Amino acid sequence: MKSVPHATSLRRAPVQRRSAERLTRILDACAELLDEVGYDALSTRAVALRAGVPIGSVYRFFGNKRQMADALAQRNLERYTERVTERLKAAHKGDWRAAMDAVLDEYLAMKRTAPGFSLVDFGNQIPVGARHTEPNTRVADRLTKLLSGYLDRTPDDELRRVFLVAVETADTLVQLAFRTDPDGDEAIITETRELLRVYLGRVLD
């Protein structure tokens, strides 16, 4: 069982394994219910029932459903980072195109398969339809730290800016792809990939 990061939205961080497992069940239930009923109809009581835990266990960690969704978004980011890191182990170090494919492919895979991801991804879609900049900045910072060593680049302001522009661009176009087709319009995804290659090539080649 994967550990749950100590998200800032947690009232209390789990200390014992049993507590951590309970938190994992709560977040899993939250993700499933987001897909089934949406954010507006989500309730802490329904999450507790689905997770098989007392309602008090939910309130031990979260004051409300927004805090639960924030913690789920944080867990998504941690899992996404793990998936990209694993992909890069099989790639040739310094190959930024392979790194870009890993970053985009793993995001698309989570978009298609991770419960609740279509609503909260890394924290920028609740209320539904809202697009806040903070989560994309967080993703860009995480990718800067993760990829700078792989690319043998200094994680300076220029690299952060380049990755932020790339993340914002990919985010907007991937949203368009999934509005066009629930599975992600492949033609738009292909255009996104080509656009990113041209943009990143100016800096990383």
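In this text the structure is predicted, and so the values were computed from the model without any measurement.

(A) Quick look at the overall build of the chain. Per the secondary structure count, the chain includes nine helices and zero strands. Seen in sequence order, the chain has helices and strands lined up from the N terminus as α-α-α-α-α-α-α-α-α. Counting only carbon and sulfur atoms, one obtains 50% of the accessible surface of the chain, whose full area is about 10600 Å².

(B) Broad picture of empty space enclosed by the protein. What the rule picks out here adds up to two cavities of 30 Å³ or more. As a volume, the largest cavity reaches approximately 340 Å³. Counting residues per element, the ones that place at least two in the lining of the largest cavity are α5 (96–113), α7 (133–151), α8 (157–180) and α9 (186–204). It is α5 that contributes the most residues to the lining of the largest cavity, six residues altogether. Class assignment of the residues belonging to the lining of the largest cavity gives a composition of 19 nonpolar, two polar and two charged.

(C) The arrangement of the packing of aromatic side chains in detail. Evaluation of the coordinates by the stated rule reveals six aromatic pairs. Their ring planes at 40° and their centres at 5.9 Å tell us that Y107 and F122 sit as a pair that is tilted. Taken as a pair, Y107 in helix α5 and F122 in the loop between α6 (117–120) and α7 lie far apart in primary sequence, 15 residues in all. Consider the rings of F117 and F122, whose centres lie 5.4 Å apart with planes at 85°: the pair is edge-to-face. A residue is classified by how much of its surface remains accessible, and F122, at 5% relative accessible area, is buried. An aromatic cluster is defined as three or more aromatic residues linked by ring pairs; in this entry it consists of Y80, Y107, F117 and F122. For the cation-ring pair, K65 lies above Y39, with the distance from its terminal atom to the ring centre recorded as 4.6 Å. For K111, the ring lying beneath its charged end belongs to F178, and the centroid distance is 5.5 Å.

(D) Inspection of unusual backbone geometry at higher detail. Positive phi outside glycine occurs at D121, with the angle close to 25°. Of note, the phi angle at D152 is positive, near 55°, even though the residue is not glycine. Mapped onto the fold, D152 is located in the loop between α7 and α8. The exposure class of D152 is exposed, given its relative accessible area of 71%.

(E) Quick peek at the nonpolar core. In terms of nonpolar packing, the biggest core is built from 38 residues, with Y80, L147 and L200 touching the most fellow members. Not counting residues up to four positions away in its chain, the partners in contact with Y80 are V103, E106, Y107, M110, F122 and L143. Membership of the second largest hydrophobic core comes to 23 residues, among which are V47, A48, V58 and F61.

(F) Structural detail: the pattern of salt bridges. With the rule as written, the count across this model stands at 17 salt bridges. Here R87 makes a salt bridge to E106, at a shortest N to O gap of 3.1 Å. In this pair, R87 sits in helix α4 (residues 65–89) while E106 sits in helix α5, placing the two residues 19 residues apart along the sequence. When its relative accessible area of 31% is taken as the criterion, R87 is described as partly exposed. We classify E106 as buried; its relative accessible area is 10%.

(G) Up close: α5. Here α5 is 18 residues long and its end C-alpha atoms lie 25 Å apart, about the 26 Å a rise of 1.5 Å per residue gives. When α5 is considered as a whole, its buried residues turn out to be W96, A99, M100, D101, A102, V103, L104, E106, Y107, L108, M110 and K111. If you check the start of α5, you find a side-chain oxygen 3.1 Å away from the backbone N of R97, and it comes from D95.

How each quantity is defined
- Residues numbered from 1 in each chain as written.
- Predicted model: local features only at pLDDT ≥ 70, side-chain atom pairs only at ≥ 80, totals over all residues.
- Heavy atoms only, no water.
- Helix = DSSP H or I, 4+ residues; strand = E, 2+ residues; numbered from the N terminus.
- Areas by Shrake-Rupley, 256 points an atom, 1.4 Å probe, with all protein chains shown as cover.
- 1 Å grid on protein atoms, 1.4 Å probe; cavity = no way out; pocket = protein on both sides within 12 Å on 5 of 7 lines; lining within 4 Å.
- Points joined across faces, edges and corners; volume = space filled by probe spheres on them.
- Nonpolar A, V, L, I, M, F, W, Y, C, P; charged D, E, K, R; others polar.
- Phe/Tyr/Trp six-rings, centres within 6.5 Å; stacked < 30°, edge-to-face > 60°.
- Buried < 20%, exposed > 50% of the residue type's maximum accessible area, 1.4 Å probe, protein only.
- Lys NZ or Arg CZ within 6 Å of the ring centre and 35° of its normal.
- Core = buried A, V, L, I, M, F, W, Y, C linked by side-chain atoms within 4.5 Å.
- Contact = heavy atoms within 4.5 Å.
- Salt bridge = Lys/Arg side-chain N within 4 Å of Asp/Glu carboxyl O.
- Expected span 1.5 Å × (residues − 1).
- Polar contact = N/O pair within 3.5 Å; in protein donor to acceptor, adjacent residues only side chain to side chain.

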